[in-house]
Amino acid sequence: MVKSEEVLRPVKDIGGGANLPHRKNTAEKESVMMPPPETVVIPMQQHIGAPCTPCVKKGDTVYVGTKIGDSDKFVSAPIHSSVSGTVSGLGSLLLPSGQTTETVIIQSDGQMTPDPDLKPPVVETLEDLVKAARDSGLVGLGGAGFPSHVKLNVNPDNPPDTLIINGAECEPYITSDYRECVENTDNILEGVYLLKKLIGFKQVIIAVENNKPKAIQALNKLVENVIGQDVGVDVSDDEKTHALYKVATDERDADNSVRLMRLKSRYPQGAEKVLIYTATGRKLPLGKLPSDVGCMVMNVTSVSFLNKYIKTGMPLVSKTVTVDGGAVMNAQNVIVPIGTSISDVIEFCGGYKSPARKILYGGPMMGNAVVDVNMPILKQNNAILVLDRKQAEKRVESPCIRCGRCAKACPMRLQPLEIESALRIGNLEAVKAHYADYCIECGSCSYVCPSKRHLTQVMRMAKAELRNKK
Amino acid sequence: MEKLSVSHSPHIQHEDSSKGIMIDVIIALLPAAIAGCILFGWYAALVILTSVVTAVLAEYVCCKVMKRPNSIGDFSAAVTGLILALNLPPELPLWMAAIGSIVAIVVVKMMFGGLGHNFANPAITARIVLLVSFPAAMTSWINPLGLENAVTSATDVNTVATPLANDSYTYGQLFMGQVPGCIGETFSLLIILGALYLIARRVISLVTPLSMVATVALISFIFGEDPLYMILSGGLLFGAVFMATDYVTSPINWKGKLIFGIGCGLITFVIRHFGYLPEGVSYAILLMNLFVPFINKITTPKPFGWEAAK
């Protein structure tokens, strides 16, 4: 059994938030690789920042990992073909964010031939790392899609001292990070050691919610004797245990500064500001970046992918997504080529159990509803939720009874009820006086509201009004 | 394939509803209401019935006249009617109870915009209106079942004094409703049970009732009155649990609730000790209701990371 003092306890508790149902139905199912679909539609905007311009044209032959789009802007990430085949054309697509983006449409030859020009990068310095991260096309895989090389491009004179690996995965249903922790533990740890060496972090905190005991166990480098006694990790999995042990006693962590933290399972534990506070006690002010408080936050799957890229040279061309929800036949984690349509993924999962009424990119708290099932899987997608009639049911709004539950649930300590009533009468000064711009749009207020008011949307509108006023 | 519905996040919500909260309040009030009917007789039940039915009808008619969606299904009107009834003397003429409900719903609630928009507690305001309009009827008490045998003139309503005006009752009598008083506010034990239910269901926070009751007890002690007698007699417990905790007319966060509770306690004591009025709880809560926007303003929390930005 893992000794309790070997796993870090949270430093601070931000309060607020919501106790969500976990619904991690797919947690114990091995991720399944999906065969290449006939066609992939790859958008040129799968990240925060400048969109890419296609660098292929109709009729070009591409391989898995061939670069098909890039931008000369720094805050952007190149896009690669996820299948081998022929470019059948360029198109355009309206993303749920409201942006219209160019797309590259590729007919797969079904062979999945890797690009012969790909080779593992040599990563010895921080510059190498930043270049490798950019070339890999990596963006924040937790859902935000912020280009990772921008984050890794730290000021070498004043690097952040703390790396937080975000394995909280606090949204219901989603288990793709959890599966990554269990299935690719060594990649995560190797990636962590590499980042630690090249950036010079003084401490690394791998933070996982306590509803994922097996992930904690798998990641804990102190598991050597006891795997499988209490939490039920497969004892026969000797190789993994061994690999872990080797990594754990590696000289790369001579000062024993890579530690695991068991987080309380409470939404929105994985939100950046919340996680930094929980893990280090540091408060991230409005409009500042984690580096301003000496922190870097990376998603577990991002770190794992970065290490895989450095080993193999294969850029970000596929993504593990949790496919779940009442309307899908076989809920499971699927490794999907990027650009595969949602309907192909659902078909791979056995089709529909009942008619789908709402389909989400991401989790039920912060995910976006899509307009049609032909939308492609994006780099930063971690789940596709196919909701049935009951799950998609619209709640009827009733008047605010001023119970204050939204204020209690707000991790940023805002009072959504006051902001809503101020916005309704167009009193922007009151909206500002209630700090609407601090909202992180986690959705906790709407979740707890007994009157089913659309508070999170009201907060978004309030923020937009404040921005327009400036 | 049917069309997909598209909406903004979040896509799941907790199952608690406003209606559920109102039903919880009704459940918490029921023991005191039933005890009131048993202690004071069938006429008390008629008073409750009249008050509740009139409140619901008044809301229905208001919605029709104002061309608003019918809102009686949220049970808030029923709660208002029930709370008002439990604050009325058991022998009150029924038409007075009906007027109370109409004032509460039409004047105090609906004319200010309906549920969530009234600045004063409807039941309390209606009670005060009745008290001012019909002072004799609103202060006529009868002895409850069990006390009748001891007092020969039990049926003569005007000769019975409430515990606040007559300190000859024991704590046990106050606790078990063996005193004259309003229909629902004499049985302290059942009110405390109702409070515990609401706290356990997370409908109300302990801060408001506790700070209000504790303030009264503390100042009573300082002024040489019996704190426990002060707490158990009159409408203090009922007001602190069921009326000072009204969401719409009390502050949002615990700091505000604390200020509100202390204010209610202070005013209650001042009226009881120095004033000529028989009871101060209703006035105290109504007065503090008016301060709620101000209390909310001064207790608006600083958001997370605010001090770090300075």
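Residues numbered from 1 in each chain as written. Chains lettered and ligands numbered in written order. Predicted model: local features only at pLDDT ≥ 70, side-chain atom pairs only at ≥ 80, totals over all residues.

## Details of the overall build of chain B
- Scanning chain B for helices and strands turns up 14 helices and zero strands.
- Listing the helices and strands of chain B from first to last along the sequence gives α-α-α-α-α-α-α-α-α-α-α-α-α-α.
- Computed over the C-alpha atoms, the radius of gyration of chain B is 20 Å, within 12% of the 19 Å expected from 2.2 N^0.38 for a compact globule of 310 residues.
- Each principal axis of the C-alpha distribution contributes one length, and for chain B these read about 80 × 50 × 30 Å. (Helix = DSSP H or I, 4+ residues; strand = E, 2+ residues; numbered from the N terminus. Rg over C-alpha atoms; globule rule 2.2 N^0.38 Å.)

## Topic: the overall build of chain A
- Within chain A, the regular secondary structure consists of 14 helices and 17 strands.
- The C-alpha radius of gyration of chain A comes to 22 Å, within 12% of the 23 Å expected for a compact globule of 470 residues.
- By its C-alpha atoms, chain A is 60 × 55 × 50 Å across when sized along the principal axes.
- Residues classed as buried in chain A amount to 54% of the 470 residues present. (Buried ≥ 20, exposed ≤ 12 C-beta atoms within 10 Å, placed from the backbone.)

## What about the interface of chain B and chain A?
- Contact residues are listed per partner, giving 32 residues for chain B and 49 residues for chain A.
- Sorting the residues of the side of chain B that touches chain A by element identifies α1 (18-40) and α14 (306-309) of chain B as the ones contributing at least two each.
- Per-element accounting of the side of chain B that touches chain A gives the leading share, three residues, to α1 of chain B.
- By residue class, the composition of the side of chain B that touches chain A is 14 nonpolar, 15 polar and three charged. (Contact = placed C-beta atoms within 7 Å. Nonpolar A, V, L, I, M, F, W, Y, C, P; charged D, E, K, R; others polar.)

## Some words on helix α4 (residues 94-109) of chain B
Residue and element names in this part refer to chain B.
- Look at α4: 21 Å from first C-alpha to last across 16 residues, which is about the 22 Å you get at 1.5 Å a residue.
- Approximately 25° is the largest bend angle found in α4, and it occurs at valine 103.
- Those residues of α4 lying buried are Ala97, Gly100, Ser101, Val103, Ala104, Ile105, Val108 and Lys109.
- Check the buried side of α4 and you find it contacts α2 (42-65), α3 (76-86) and α5 (122-133). (Expected span 1.5 Å × (residues − 1). Bend = angle between axes of the 7 residues up to and from the residue.)

## Some thoughts on the sheet that holds strand β10 (residues 203-209) of chain A
Residue and element names in this part refer to chain A.
- If you trace the four strands from one edge of the open sheet to the other, you get β11-β10-β9-β12, paired in parallel fashion. Sheet topology places β11 (258-263) and β12 (295-299) at the edges, where each strand pairs with a single neighbour. Here the average twist between neighbouring strands, direction ignored, is 25°.
- Both β10 and β11 contribute to a ladder of six bridges, which runs parallel. Bridging across to β11, alanine 207 finds its partner in methionine 261.
- Taken strand by strand, helix α8 (residues 300-312) contacts β9 (162-167) and β12, and its axis lies near 80° from that of β12. (Pairing = 2+ DSSP bridges. Axes fitted to C-alpha atoms, helices over the stretch in contact; angles between N-to-C directions.)

## Quick word on the environment of serine 354 of chain A
Residue and element names in this part refer to chain A.
- Tracing the backbone through its elements, the reader meets serine 354 in the loop between α9 (342-348) and β15 (358-361).
- In the structure, serine 354 is positioned 264 residues away from leucine 90 in sequence and 34 Å away in space, judged by C-alpha atoms.
- Leave out the neighbours within four places in its chain, and serine 354 touches Gly326, Ala327 and Asp388.

## Notes on the pairing of β10 of chain A
All names here are of chain A.
- Burial of β10 is extensive: six of the seven residues sit out of reach of the surface.
- Note that β9 and β10 share six bridges and pair parallel. For isoleucine 164, the partnering residue across the bridge sits in β10 and is isoleucine 205.

## Quick notes on the nonpolar core
- Core analysis: the largest hydrophobic core is formed by 219 residues, its most contacted members being Ile165 and Ala207 of chain A.
- Counting residues per element, this core draws most heavily on α1 of chain B, at ten residues. (Core = buried A, V, L, I, M, F, W, Y, C linked by C-beta atoms within 7 Å.)

## Quick word on the domain arrangement of chain A
All names here are of chain A.
- Taken as a whole, chain A is organised into domain 1 (4-28 + 120-312), domain 2 (37-111), domain 3 (317-393) and domain 4 (405-469).
- Taken together, the ten residues of domain 1 in the interface contact eleven residues of domain 2.
- Class assignment for the residues of the side of domain 1 that touches domain 2 results in six nonpolar, two polar and two charged. (Domains from an automatic or database assignment.)

## Re α1 of chain B
- Helix length check: α1 of chain B, at 23 residues, gives a terminal C-alpha distance of 32 Å against a target of 33 Å (1.5 Å per residue), a fit within 8%.
- In the structure, α1 of chain B departs most strongly from a straight axis at leucine 30 of chain B, where the bend amounts to approximately 40° and where the proline proline 31 of chain B lies between one and four residues downstream.

## Looking at unusual backbone geometry
- With an omega dihedral of -10°, the bond running from tyrosine 267 of chain A to proline 268 of chain A counts as a cis peptide bond.
- Within the fold, proline 268 of chain A resides in the loop between β11 and α7 (272-280).
- Cis geometry is found at the peptide bond from serine 9 of chain B to proline 10 of chain B, where omega equals -5°.
- Looking at where proline 10 of chain B falls in the secondary structure, it is placed in the segment before α1.
- A positive phi angle, near 60°, is found at arginine 413 of chain A, a position not held by glycine.
- By the secondary structure assignment, arginine 413 of chain A is in the loop between α10 (405-409) and α11 (416-424).
- Residue class for arginine 413 of chain A comes out buried when judged on the 20 C-beta atoms lying within 10 Å of it.
- With a phi angle near 60°, arginine 202 of chain B is a residue other than glycine that sits in the positive phi range.
- Tracing the sequence through the fold places arginine 202 of chain B in the loop between α8 (188-200) and α9 (207-222).

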